[in-house]
Every structure is written in C-alpha cells, then in structure tokens.
Amino acid sequence: MNKILFITLILFSSICLAAPQRGGMGGRSLQNNTGQPQARAIKAFDASEVAGIFYYDISKVVKKLKIKDDAVATQVRKSLRNYNFKVKEIALINKENFDDLNAIMKTARKANRPDVTIENNNQNNNPNIREKVGEIIRPIRAKISVLEETLNAELAAVLSEKQDKKWIKYQESIKEDMKPKRPNRNQNSNNQNQRRGGQRRGF
C-alpha cells in the first residue's frame, strides 16, 4: 500500500513539474506569435507623406522654440501659416494623383510579400511602378523643398541662433518620423526561418 502511494506521489509530482514547463514553452510561443505581427507590421504607403506633405502645429512650434518676444512670435506664426497654406494647395491639386499611387502600391504590395517595407519590397523591382511614383513625387518634392527653404530663411531672419538651431532640429525630426522604417536584419532572418519552418511542417 505504501509502495503504491509512494509511486502515485512520484507520478503526481512529475506531472506538476512538467505542466509549468509545457505552459512556459506555450507562453513563449504565444508571445512570439502575438509579438510577431507587431514586429512585422509596417507603415502603409502614403503618397502625400512620401512627397513631403505635412503641416506644422503653429502653437506647438512657438512653444517649443520658447519665443517670448510678441513681434517675433507674430512673424513666426505668419510664416508657418503661409507655409501650411501653400502646402495644402499642393496637396489638394495632387489629391487624385496621391490616391492613384496609394491604390497602385496597395495592389502591388498584396501581390508580393506583406512583411517587408516599401523600400525593399519586391514591388520596387517593377520599373513601371518606380517610374510612375517618380514622375508624380519628384516635382512635388521639389516644390515642397522650395517652400521649406523660403520658410527657413524667414524664420532665420527673426529667430536667435539658438532658436534657429532648435527649429531646424525639430523640422528634421518630423521628416525623419515620416520615413518608412526598415526592419532590422535579425527580424528579417527570423521571419524567413519561421516561414521555412512552417513550410517544412506542411503548413
């Protein structure tokens, strides 16, 4: 009787110890599965952003640059409003072109792998798509660049050297945030290994 009880206790202990291990493995797998879409999720193609279309939050800029002089603040607001207005005009004129590009890129992306960025996507190997994007985007970028140069010159004329440096840094940070992010090499390697593993398992 004692022997049977002893064996039962050993088996029960083995099951209790094994359960957390299986659960832990399952937990890690679940985290990978739930984390994987987040790691692979990328920003959808937005033609207007690629062309450099964005608008400044005027109040935020004045506050960020810590402008105390009312006359300077008035001039900064005027320059920013003028820039935003002219950029909005460009956006409205090219709205149909942007919509067409977004539709083209969305279709091309669905036809290729969905887990890569715009820059290294197979769709960019299609010269017709690259040419179409370039024909529309390049002249718009050039216009935006001219407006930006004019804006920066106007602000440099009224801001202090310190404020102007802060302004340029802020401007660059906005443009950097708009750029699509490439996945790192480890992420790409992991995704490829997972796909190969799935294929070997017959999924």
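The structure this text deals with has already been given above.
Here goes a summary of the coordinates provided. Predicted model, so just to flag it, every value in this text is computed and none were measured.

1. Looking at the environment of Lys86
Along the chain, the position of Lys86 falls in helix α4 (residues 70–93). For Lys86 and Lys143, which are 57 residues apart along the polypeptide, the C-alpha to C-alpha distance reads 9.8 Å.

2. Overview of the packing of aromatic side chains
Under the defined criterion, the tally for this structure stands at four aromatic pairs. On the numbers, 5.3 Å between centres and 50° between planes, the contact of Tyr56 with Tyr83 is tilted. Taken together, the residues Tyr56 in the loop between α2 (47–50) and α3 (58–64) and Tyr83 in helix α4 connect sequence positions 27 residues apart. Of the residues examined, Tyr83 reaches a relative accessible area of 3% and is grouped as buried. Summarising the aromatic geometry, the rings of Tyr56 and Trp167 are spaced 5.0 Å apart at their centres and angled 50° between planes, so their arrangement reads as tilted. With Tyr56 in the loop between α2 and α3 and Trp167 in helix α7 (residues 161–178), this pair connects stretches of sequence that are 111 residues apart. By relative accessible area, Tyr56 is classed as buried at 4%.

3. Remarks on helix α5 (residues 95–111)
Compared with an ideal rise of 1.5 Å per residue, which puts 17 residues at 24 Å, α5 spans 25 Å between its outermost C-alpha atoms and is within 8% of the ideal. The complete set of buried residues in α5 reads Phe98, Leu101, Met105, Ala108 and Arg109. Seen along its axis, α5 keeps its buried residues to an arc of 100°; they face one direction. Opposite the buried face of α5, at more than 90 degrees from it, the exposed residues are Glu96, Lys106, Thr107, Lys110 and Ala111.

How each quantity is defined
- Residues numbered from 1 in each chain as written.
- Predicted model: local features only at pLDDT ≥ 70, side-chain atom pairs only at ≥ 80, totals over all residues.
- Heavy atoms only, no water.
- Helix = DSSP H or I, 4+ residues; strand = E, 2+ residues; numbered from the N terminus.
- Phe/Tyr/Trp six-rings, centres within 6.5 Å; stacked < 30°, edge-to-face > 60°.
- Buried < 20%, exposed > 50% of the residue type's maximum accessible area, 1.4 Å probe, protein only.
- Expected span 1.5 Å × (residues − 1).
- Arc of directions from axis to C-beta.

All quantities given are derived from atomic positions and should not be read as evidence of function.
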